[in-house]
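Summary of the model geometry
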Amino acid sequence: MKPWIFERQLDELKEELRGAGFRAFTARQVFQWLYHKNNQDPSTWSNIGKADREMIAELYECECRPVLESRGDDQGTRKFLIGLADGLQIEAVLIREKDHYTFCLSTQVGCALDCAFCATGSMGFRRNLSSGEILSQVLTLKKELGDYSGKLNLVLMGMGEPLLNYENLARVLRTISEPDGLNISPRHVTVSTAGILENLKKLEKDFPQVRIAFSLNAPDAILRAELMPLANRENLGDLLAHFREHKRRRRLTCEYVLLAGVNDSPAQARQLVRLLHGIPAKVNLIPYNENPALPFRRPDEATVEKFRAVLVRHGLTVITRWSKGQDIRSACGQLAVSTANS
Ligand code: SAH
C-alpha cells in the first residue's frame, strides 16, 4: 500500500522527495496544495510539472478520509462522521462562533479514560489516531468554509485523550503551523486533557503557546476519582501544584461539567473556589449534555446560575457553555460513533 501523504511532516516529505530525485522546493509546493489550497488532486497542481505530479500520485495516496455522514443544526454547528482506512469511524465538529470558526477534533477512536458521564468513554478504547487522521479532519472541516480565510481555532476536545497520543499530537502541531501549509499558530490550538502530568509537561515545553484546558469536573479528589477513574493514577494534588507553579502565557481553562445533584451545589462551588486558589484560571462551566444511555442529568438553569454566582463572587472568571449542537449530538462529550446513526 502507498504511504498516505498526510502522515509526512514537511521535513520528512522534503527528505523523501529529494531521495526520489525531486527538486528541493517541490515538497513546499506540495504542502501549499495539500494544506493551504486544500486541494488533494495532484493532477491539478499546476505549478508542478506533469511528470512530477504523476510521480507524486504514484508514490503517495493524497486523498482525505471520506465523510460518511454529516448533520447540521440551525446555529451553524455541523458534525461529520469520518471513515478511516481500517473501517473505524470518528467524529469532528465544525462550530460557527461570532467572529471565527472552531474545529473540534478527535485524537483517538474511543477513549480509555472511561469517565462516568462521557459517551465516548462508554464505547471503550479502540486505537490512537495517526497524525494524518487528525490533520485530515482539519482539511475536511475547512472545505466546508469555502474560501473563508479568517480566524480558526482548533480544539482537541473531540473523542479521546490527546495527551495519551502525544507523539501524533506533536506531529500535528508541527504540521499545522507550517507557513506554507495551514499556517495555524499553536496559539489558536487548545488541548483539552483529563490531566496526564508527564505529557502535559512535555507539551508545555515543546509548544509553550498551546492553550490548556483541564477537565477538572469535581471540587475534590474523591468525587473526581469516582467520576474519572484516571484520577486514581494521576494525583489531583500534583496536577494542581503544577498549575500553581507553572507560569503560562495564557490562563489555564478549567472545565467543569455540571451534573445535577452530583457536583452542582453552592457548597461544592465554594469548595471549587478553594481548590483553584492561587491558580490563574478561568472556569468553563458545561451544563451536562445528556445521553440516554447514561444516568446523569443536566441541572436546571437556576442551579447553574447559583453555582456560577458563587465562583464570580470569589473573583473567578466564568464562562457558562450551554453547548451548541445538542440536537445533532455533537455537543461536548456526546461524540460516540455508536450513536451517530441512531
Ligand atoms: N479527554 C479530554 C478531551 C475530550 S472530553 C478531556 O478529558 O478533556 C472534552 C470535555 O468534554 C471534557 O471537559 C469533558 O469533561 C467534557 N464532557 C464529557 N462528556 C460530557 C457531557 N456529556 N456533557 C458535557 N461535557 C462533557
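**Brief notes about helix α7 (residues 197-206)**
Buried residues of α7: Leu197, Asn199, Leu200, Leu203 and Glu204, and no others. One side of α7 holds all its buried residues, which, seen down the axis, span an arc of 165 degrees. Exposed residues on α7 whose side chains face more than 90 degrees from its buried face are Glu198 and Lys205. Where α7 is buried, its residues contact α6 (166-176), β8 (189-193), β9 (211-215) and α9 (236-245).

**A look at the nonpolar core**
Phe103, Phe117, Leu203 and Leu311 are the most contacted members of the largest nonpolar core, which has 100 residues in total. When residues of this core are assigned to domains, at least three map to each of domain 1 (5-59) and domain 2 (67-328). Here phenylalanine 117 is in contact with Asn217, Leu227, Met228, Val257, Leu259, Tyr288, Leu294 and Phe296, once residues within four sequence places are set aside. In terms of nonpolar packing, the next biggest core, distinct from the first, is built from 6 residues, Val93, Cys104, Met157 and Ala213 among them.

**Structural notes on the site of the ligand**
Around the ligand, the structure places 18 residues, and the nearest of them are Ser192, Ser215, Asn217, Tyr288 and Asn289. In this structure, threonine 193 approaches the ligand through a main-chain N or O atom, which is 3.3 Å from an oxygen atom. Within the side chain of serine 215, an N or O atom sits 2.5 Å from an oxygen atom of the ligand. For the ligand, the protein covers 96% of the area, taking 540 Å² as the surface of the free molecule. Elements represented by at least two residues in the shell around the ligand include exactly β8 and β10 (252-258). Tallied by class, residues from the shell around the ligand come to 8 nonpolar, 8 polar and 2 charged.

**Concerning the pairing of strand β11 (residues 281-287)**
Most of β11 sits out of view: 6 of its 7 residues are buried. Relative to β11, β10 runs parallel, the two sharing 7 bridges. From the neighbouring strand, leucine 258 faces β11, where its bridge partner is proline 287. Read from β10 through helix α10 (residues 266-275) to β11, the crossover connection turns out right-handed. For β11 and strand β12 (residues 317-320), the ladder comprises 4 bridges, and the chain directions are parallel.

**Structural notes on the pairing of strand β2 (residues 77-83)**
In terms of burial, β2 is largely enclosed, as 6 of its 7 residues are buried. Inspection of the sheet shows strand β1 (residues 67-72) paired to β2 by 5 bridges, in the antiparallel sense. Across the sheet, residue arginine 71 finds its bridge partner in β2, namely lysine 79. Hairpin connection of β1 to β2: 4 residues between the antiparallel strands, including glycine 76 at a positive phi of 90 degrees. Where β2 meets strand β3 (residues 89-96), 7 bridges bridge the pair, whose relative direction is antiparallel. Bridge assignment links glycine 83 to a residue of β3, and that residue is glutamine 89. Between the antiparallel neighbours β2 and β3 lie 5 residues, among them glycine 87 with a positive phi of about 95 degrees.

**Thoughts on unusual backbone geometry**
One can expect most non-glycine residues to show negative phi and most peptide bonds to be in trans. The residue asparagine 38 is not glycine, and still its phi comes out positive at about 55 degrees. As for its placement among the helices and strands, asparagine 38 is situated in the loop between α2 (26-36) and α3 (50-59). Phi at asparagine 183 takes a positive value of approximately 55 degrees, unusual for a residue other than glycine. Its place among the elements puts asparagine 183 in the loop between α6 and β8.

**Some words on the sheet that holds β12**
The 10 strands lie next to each other as β1-β2-β3-β4-β7-β8-β9-β10-β11-β12, forming an open sheet whose pairing is mixed. Looking along the sheet, the strands with just one partner apiece sit at the ends: β1 and β12. Mean inter-strand twist for the sheet, computed between neighbouring axes without regard to direction, equals 20 degrees. With 4 bridges connecting them, β3 and strand β4 (residues 101-104) associate as antiparallel partners.

Thresholds applied
- Residues numbered from 1 in each chain as written.
- Predicted model: local features only at pLDDT ≥ 70, side-chain atom pairs only at ≥ 80, totals over all residues.
- Heavy atoms only, no water.
- Buried < 20%, exposed > 50% of the residue type's maximum accessible area, 1.4 Å probe, protein only.
- Helix = DSSP H or I, 4+ residues; strand = E, 2+ residues; numbered from the N terminus.
- Arc of directions from axis to C-beta.
- Contact = heavy atoms within 4.5 Å.
- Core = buried A, V, L, I, M, F, W, Y, C linked by side-chain atoms within 4.5 Å.
- Domains from an automatic or database assignment.
- Near = heavy atom within 4 Å.
- Polar contact = N/O pair within 3.5 Å; in protein donor to acceptor, adjacent residues only side chain to side chain.
- Areas by Shrake-Rupley, 256 points an atom, 1.4 Å probe, with all protein chains shown as cover.
- Nonpolar A, V, L, I, M, F, W, Y, C, P; charged D, E, K, R; others polar.
- Pairing = 2+ DSSP bridges.
- Right-handed = clockwise from strand over helix to strand, strands pointing away.
- Axes fitted to C-alpha atoms, helices over the stretch in contact; angles between N-to-C directions.

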